[in-house]
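The primary structure of each chain is shown beneath.
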Amino acid sequence: MQSDDLSAKFAALADPTRRAILARLCEGEASVNALAEPFAMSLPAVSKHLKVLEKAGLITRGKEAQWRPARLEPMGLKGVAEWLEHYRRYWDSSFDRLDAYLTKIQEGDPHGPSN
C-alpha cells in the first residue's frame, strides 16, 4: 500500500462523522438523505464527507436513477488492517514479556525472567 493511500485512509477515519457513516454503511447501502438523518448538518456537508470517504477508497457511490447510494468498499480497510497488524504483533509480544516479568515478580524473583 502506498504511503499516500494510507494517509488518505487515516485522514478520512480521523473524523467521527465519517466513522459513523462507515458504521451505518456496514448495515447496507444508503442515500445521502438516510446518512444525514442522525447528524445536525446539511446535505452538502454530508456529501463532502462522502467525497472524502470515496477518495480514500473506503466507499463507492452508485448511480441508480435519481439517487446515488453509498456503499462500503469491503477492501478499503484491508491495507490499514495489514499496516496495523505489524503493530498488533509488537504489542502482543510486549504484553507477553510484561506478563512473564510480572509472574516472576509474584513468584519472588525481583530480577524478572532471565534473557
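Structure's up top.
What counts, and where the lines are drawn
- Residues numbered from 1 in each chain as written.
- Predicted model: local features only at pLDDT ≥ 70, side-chain atom pairs only at ≥ 80, totals over all residues.
- Heavy atoms only, no water.
- Helix = DSSP H or I, 4+ residues; strand = E, 2+ residues; numbered from the N terminus.
- Expected span 1.5 Å × (residues − 1).
- Buried < 20%, exposed > 50% of the residue type's maximum accessible area, 1.4 Å probe, protein only.
- Arc of directions from axis to C-beta.
- Patch = residues over 30% accessible without salt bridge, like charges linked within 9 Å, V, L, I, M, F, W, Y side chains within 5 Å.
- Areas by Shrake-Rupley, 256 points an atom, 1.4 Å probe, with all protein chains shown as cover.
- Salt bridge = Lys/Arg side-chain N within 4 Å of Asp/Glu carboxyl O.
- Phe/Tyr/Trp six-rings, centres within 6.5 Å; stacked < 30°, edge-to-face > 60°.
- Contact = heavy atoms within 4.5 Å.

## Topic: helix α4 (residues 43-55)
With 13 residues, α4 extends 18 Å from end C-alpha to end C-alpha; this agrees with the ideal 18 Å at 1.5 Å per step. Every buried residue belonging to α4 is among V46, H49, L50 and L53, and all of these are buried. One side of α4 carries all its buried residues, which in axial view fall inside an arc of 100 degrees. Away from its buried face by more than 90 degrees, α4 exposes P44, K48, K51 and K55. The positive-phi residue at the C-terminal boundary of α4 is G57, with phi of around 80 degrees.

## Focus: a nonpolar patch on the surface
On the surface, a cluster of nonpolar side chains totalling about 1,100 Å² of accessible area is made up of F10, W83, L84, Y87, Y90, W91, F95, L98, Y101, L102 and I105. For the nonpolar patch, the element with the highest residue contribution is helix α5 (residues 78-106), accounting for 10 residues. Y101 gets classed as partly exposed once you look at its relative accessible area, which sits at 34%.

## Quick notes on the pattern of salt bridges
Using the criterion set out here, one finds six salt bridges in the structure. In this structure, D5 engages K9 in a salt bridge whose closest nitrogen and oxygen atoms are separated by 3.8 Å. With D5 and K9 both in helix α1 (residues 3-13), this residue pair falls four residues apart, about one helical turn. Classification of D5 by relative accessible area gives partly exposed; the value is 29%. The residue E85 makes a salt bridge to R88 at a minimum N-O spacing of 2.5 Å. Remark: R88 and E85 occur in helix α5; sequence separation between them is three residues, near one turn of the helix. The class of E85 is partly exposed, set by a relative accessible area of 27%. R88 gets classed as partly exposed once you look at its relative accessible area, which sits at 41%. Through salt bridges with shared partners, a single network forms among E85, R88, R89 and D92.

## Things to note about the packing of aromatic side chains
A full pass over the atoms with the stated rule returns four aromatic pairs. Ring geometry for W83 versus Y87: centroids 4.9 Å apart, planes at 50 degrees, classification tilted. Of the two residues, W83 and Y87 both sit in helix α5, four residues apart, roughly one turn of that helix. Taken together, a centroid distance of 5.3 Å and an interplanar angle of 75 degrees make the contact between Y90 and W91 edge-to-face. A residue is classified by how much of its surface remains accessible, and Y90, at 45% relative accessible area, is partly exposed. Put simply, the rings of F10, W83 and Y87 touch in pairs and so form one group of aromatic residues.

## A look at the environment of L77
With respect to the helices and strands, the residue L77 is situated in the loop between β2 (70-72) and α5. Sequence separation between L77 and T17 is 60 residues; the distance between their C-alpha atoms is 17 Å. Contact partners of L77, with chain neighbours within four places excluded, come to L13 and L58.

Read these as spatial facts, not as claims about activity.
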